[in-house]
Amino acid sequence: MATERFQIFRTGIDGIEAVIADSRLSFARHTHETYGIGVVERGAQKSASGRGMVEAEAGNTITVNPGEVHDGAPLGDAPRAWRMLYMQPAIVAAAAEDIFEGRPREEFYAPVLEDGRIAGLVSALLASLLDEHAAALAREERLLLLLAAALQERAPRRETIASPAIAQARHRLDEDPTATVTLDDLAADCGLGRFRLVRDFARSTGLTPHAYLLQRRTERARRLIAAGTSLAEAAIDAGFADQSHMTRNFTRRYGYTPGAYLAARA
């Protein structure tokens, strides 16, 4: 019999807990005081939910609302593996207020989601929450983007916007890309809600604020290296946590390492 594995982690956001499991256990009907959202990594399961009997397989996103009675059992003899995030209701309520701009919507609309995009958002948020070096900005915007999708955001689509508010947010990031900044900081600067800022910024620039900031830091590092700054100093002067952090971002964007760039200029 496969070893039962349950790991519980505190995350980079207070009020969010992560659980990674690999099990053939069948759970009795129960409830949580929190919202739960996660991804089935391997195998499949069936469960009674507050929204009927459902089945989920590898790659599907599974959700549960606070107080929702549910159970869970593997389909077949094999165990199933999954990763879950459990969020305190206050976190989801605050995000929903922001995302839907005061229009109430605080319930995951389906117990099983077959949308690979949402599964990707879960994985991205989980990775940043468990990475002690991840930027708060990355965690916050990934949380908002996931909840917008899982709560079925239906705000009217807006055309690509290059508004004064977005221009102000870009100016702050351009002015000092090495500075630590949060979504609250940017939102206060430009007078938008946090989710509206992330959404409109991405529509205007093609990047979320965090991705835009990392791009500016990478560009700064490239200029510093070109000017003869050592790789370690360039990383710190550009606002990265360390040289490896710079290298990952540099290579992801340019396809070659900072060391290769330095050697090419020698």
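Conventions we followed
- Residues numbered from 1 in each chain as written.
- Predicted model: local features only at pLDDT ≥ 70, side-chain atom pairs only at ≥ 80, totals over all residues.
- Heavy atoms only, no water.
- Helix = DSSP H or I, 4+ residues; strand = E, 2+ residues; numbered from the N terminus.
- Buried < 20%, exposed > 50% of the residue type's maximum accessible area, 1.4 Å probe, protein only.
- Phe/Tyr/Trp six-rings, centres within 6.5 Å; stacked < 30°, edge-to-face > 60°.
- Lys NZ or Arg CZ within 6 Å of the ring centre and 35° of its normal.
- Pairing = 2+ DSSP bridges.
- Axes fitted to C-alpha atoms, helices over the stretch in contact; angles between N-to-C directions.
- Expected span 1.5 Å × (residues − 1).
- Arc of directions from axis to C-beta.
- Contact = heavy atoms within 4.5 Å.

Some points on unusual backbone geometry
Then comes step 1: For E101, which is not glycine, the phi dihedral falls at a positive 50°.
Then comes step 2: Structurally, the position occupied by E101 is in the loop between α1 (89-99) and β10 (112-113).
Then comes step 3: The class of E101 is partly exposed, set by a relative accessible area of 39%.

Regarding the packing of aromatic side chains
Then comes step 1: Inspection of the entire model under this criterion finds 10 aromatic pairs.
Then comes step 2: Residues F6 and W82 carry aromatic rings whose centres are separated by 5.9 Å and whose planes lie at 80° to one another, so their mutual orientation is edge-to-face. In this pair, F6 sits in strand β1 (residues 5-10) while W82 sits in strand β9 (residues 80-87), placing the two residues 76 residues apart along the sequence.
Then comes step 3: Between F201 and Y212 the ring centres are 5.2 Å apart and the planes differ by 80°, which places this aromatic pair in the edge-to-face class. With F201 in helix α6 (residues 194-205) and Y212 in helix α7 (residues 209-226), this pair connects stretches of sequence that are 11 residues apart.
Then comes step 4: Since its relative accessible area comes to 4%, Y212 is described here as buried.
Then comes step 5: Counting every residue linked through ring pairs, the aromatic cluster contains F250, Y254, Y256 and Y261.
Then comes step 6: A cation over a ring is seen here: R222 above Y254, with NZ or CZ 4.9 Å from the ring centre.

Let's talk about the environment of I37
Then comes step 1: Mapped onto the elements, I37 comes out in strand β4 (residues 35-42).
Then comes step 2: For I37, a relative accessible area of 0% gives the class buried.
Then comes step 3: With 71 residues separating them along the chain, I37 and F108 place their C-alpha atoms 8.8 Å apart.

Overview of the sheet that holds strand β8 (residues 70-74)
Then comes step 1: The four strands lie next to each other as β3-β8-β5-β6, forming an open sheet whose pairing is antiparallel. The open sheet has two edge strands with one neighbour each: β3 (27-30) and β6 (52-57). Adjacent strand axes in the sheet meet at a mean angle of 20°, parallel and antiparallel pairs treated alike.
Then comes step 2: Two elements, β3 and β8, share two bridges in a ladder whose sense is antiparallel. Residue pairing for β8: F27 is matched across the bridge by G72.

Re helix α9 (residues 243-254)
Then comes step 1: Counted at 1.5 Å a residue, the expected span for α9 with its 12 residues is 16 Å, and the 16 Å between its end C-alpha atoms agrees.
Then comes step 2: Among all positions in α9, only H245, M246, N249 and F250 are buried. All buried residues of α9 project into a common sector of 125° when viewed along the axis, lining one side.
Then comes step 3: Of the surrounding elements, those touching the buried residues of α9 are α7, α8 (231-237) and α10 (258-265).
Then comes step 4: In the stretch just after α9, G255 is the one whose phi turns positive, near 90°.

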